[in-house]
Amino acid sequence: QKNLDANILVRVFAAGALCCSGVHLVLTPIDVVKTQMQTNPAKFDNPLTATKIVYEEGGVGGFFAGWQPTFIGFFVYGGIVYTCSEFFRRLYTDQLGNLAVNYELLIVLASSFTAAFIATLPLVISETLRVRSVAQPDYGSNIVDVAQRMIREEGIST
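Residues numbered from 1 in each chain as written. Predicted model: local features only at pLDDT ≥ 70, side-chain atom pairs only at ≥ 80, totals over all residues. Heavy atoms only, no water.

Novice: Break down the overall build of the chain for me, citing the residues and quoting the values.
Specialist: In terms of regular secondary structure, the chain is built from six helices and zero strands. Starting at the N terminus, the α and β elements of the chain follow one another as α-α-α-α-α-α. The globule rule puts the C-alpha radius of gyration for 158 residues at 15 Å, and the 19 Å found for the chain is more than 25% above it. Burial status across the chain gives 34% buried among its 158 residues. (Helix = DSSP H or I, 4+ residues; strand = E, 2+ residues; numbered from the N terminus. Rg over C-alpha atoms; globule rule 2.2 N^0.38 Å. Buried < 20%, exposed > 50% of the residue type's maximum accessible area, 1.4 Å probe, protein only.)

Written out as structure tokens, the structure is:
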């Protein structure tokens, strides 16, 4: 097992960031339809109707509303989760010493839980921006505009 030097940490972060953000970017259309149904159920009453309305109102691009915070949020989340999972797996294994072989599954679960817990804060922030971008398309032209307006109008605790 190699030491976790800066080179390995950067590669693990990059792998997690690219994989996680790429998958979620591809799934953005499903997220848009779901968000529309949740935020405006009177208009978007079922998945098929919601899909049709999203397409009619925004074309193919309408399915990618909020893609910026989705990509950025899951880029950060994936990088943190992959890196922290590896770090904590090694830490917990080292702490248990010879007993670690008996607790491999618990070590993986504990390190994954710890990593996900740490990575959730930036993801929650990006998801807040994504939901606002999808539910109110005219709220801002990009993630920075949306964030600035939300902070200005609602404060940092939004």
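Novice: Break down the environment of F64 for me, citing the residues and quoting the values.
Specialist: Within the secondary structure layout, F64 lies in the loop between α3 (47-62) and α4 (67-96). Every residue in contact with F64, bar those within four places of it in the chain, is listed here: L25, T28, P29 and V32. (Contact = heavy atoms within 4.5 Å.)

Novice: Lay out helix α5 (residues 104-135) in plain terms, naming residues and giving numbers.
Specialist: Taking 1.5 Å per residue, 32 residues should reach 46 Å; α5 reaches 43 Å between its end C-alpha atoms and fits that length. The sharpest bend along α5 measures roughly 40 degrees and falls at T120, with the proline P122 sitting one to four residues further on. When α5 is considered as a whole, its buried residues turn out to be I107, S111, T114, A115, A119, L123, S126, L129, R130, R132, S133 and V134. Of the surrounding secondary structure, the elements contacted by the buried residues of α5 are α2 (28-39), α4 and α6 (143-154). (Expected span 1.5 Å × (residues − 1). Bend = angle between axes of the 7 residues up to and from the residue.)

Novice: Quick one: what's the story with the state of the cysteines, residue by residue and with numbers?
Specialist: What we call a disulfide is simply a covalent bond connecting the sulfur atoms of a pair of cysteines. Within the structure shown, the criterion is met by zero disulfides. Of all cysteine sulfurs in the structure, the one in C19 sits closest to C20, which takes part in no disulfide; the separation is 8.4 Å. Between C84, a cysteine without a disulfide, and C20, which holds the nearest cysteine sulfur, the sulfur-to-sulfur distance is 13 Å. C84 gets classed as buried once you look at its relative accessible area, which sits at 15%. (Disulfide = S-S within 2.5 Å.)

Novice: Talk me through the nonpolar core; I want residue IDs and the actual numbers.
Specialist: By size, the foremost hydrophobic cluster in this structure holds 13 residues, and its most contacted members are F74, Y77, C84 and A119. In terms of residue count, α4 provides more of this core than any other element does, seven residues in total. If we skip the residues at most four places from it in the chain, F74 touches A17, C20, S21, H24, P69, L123 and E127. If you look at the next biggest cluster of nonpolar residues, it comprises eight residues, including V32, F44, I53 and F63. (Core = buried A, V, L, I, M, F, W, Y, C linked by side-chain atoms within 4.5 Å.)

Novice: Explain the side chain of S133 to me, using residue names and the numbers behind them.
Specialist: Note on placement: S133 falls in helix α5. The class of S133 is buried, set by a relative accessible area of 14%.

Novice: So, the environment of A110: which residues are in play, and what are the values?
Specialist: Tracing the sequence through the fold places A110 in helix α5. Classification of A110 as partly exposed rests on a relative accessible area of 31%. With 30 residues separating them along the chain, A110 and G140 place their C-alpha atoms 39 Å apart.

Novice: Kindly report on the environment of V10, identifying the contributing residues and their values.
Specialist: When you line up the elements, V10 lands in helix α1 (residues 6-26). Overall, V10 belongs to the exposed group, its relative accessible area being 56%. Along the primary structure V10 and S133 are separated by 123 residues, whereas in three dimensions their C-alpha atoms are 31 Å apart.

Novice: How would you explain the pattern of salt bridges if you had to name every residue and give the values?
Specialist: Applying the stated criterion across every chain, the model contains nine salt bridges. Linking E86 and R90 is a salt bridge whose minimum nitrogen-to-oxygen distance equals 2.6 Å. A residue pair is termed a helical-turn pair when its members lie 3 or 4 positions apart in one helix, as E86 and R90 do in helix α4 at four residues. For R90, a relative accessible area of 13% puts it in the buried group. R132 is the salt-bridge partner of E154, the closest N and O atoms lying 2.7 Å from each other. (Salt bridge = Lys/Arg side-chain N within 4 Å of Asp/Glu carboxyl O.)

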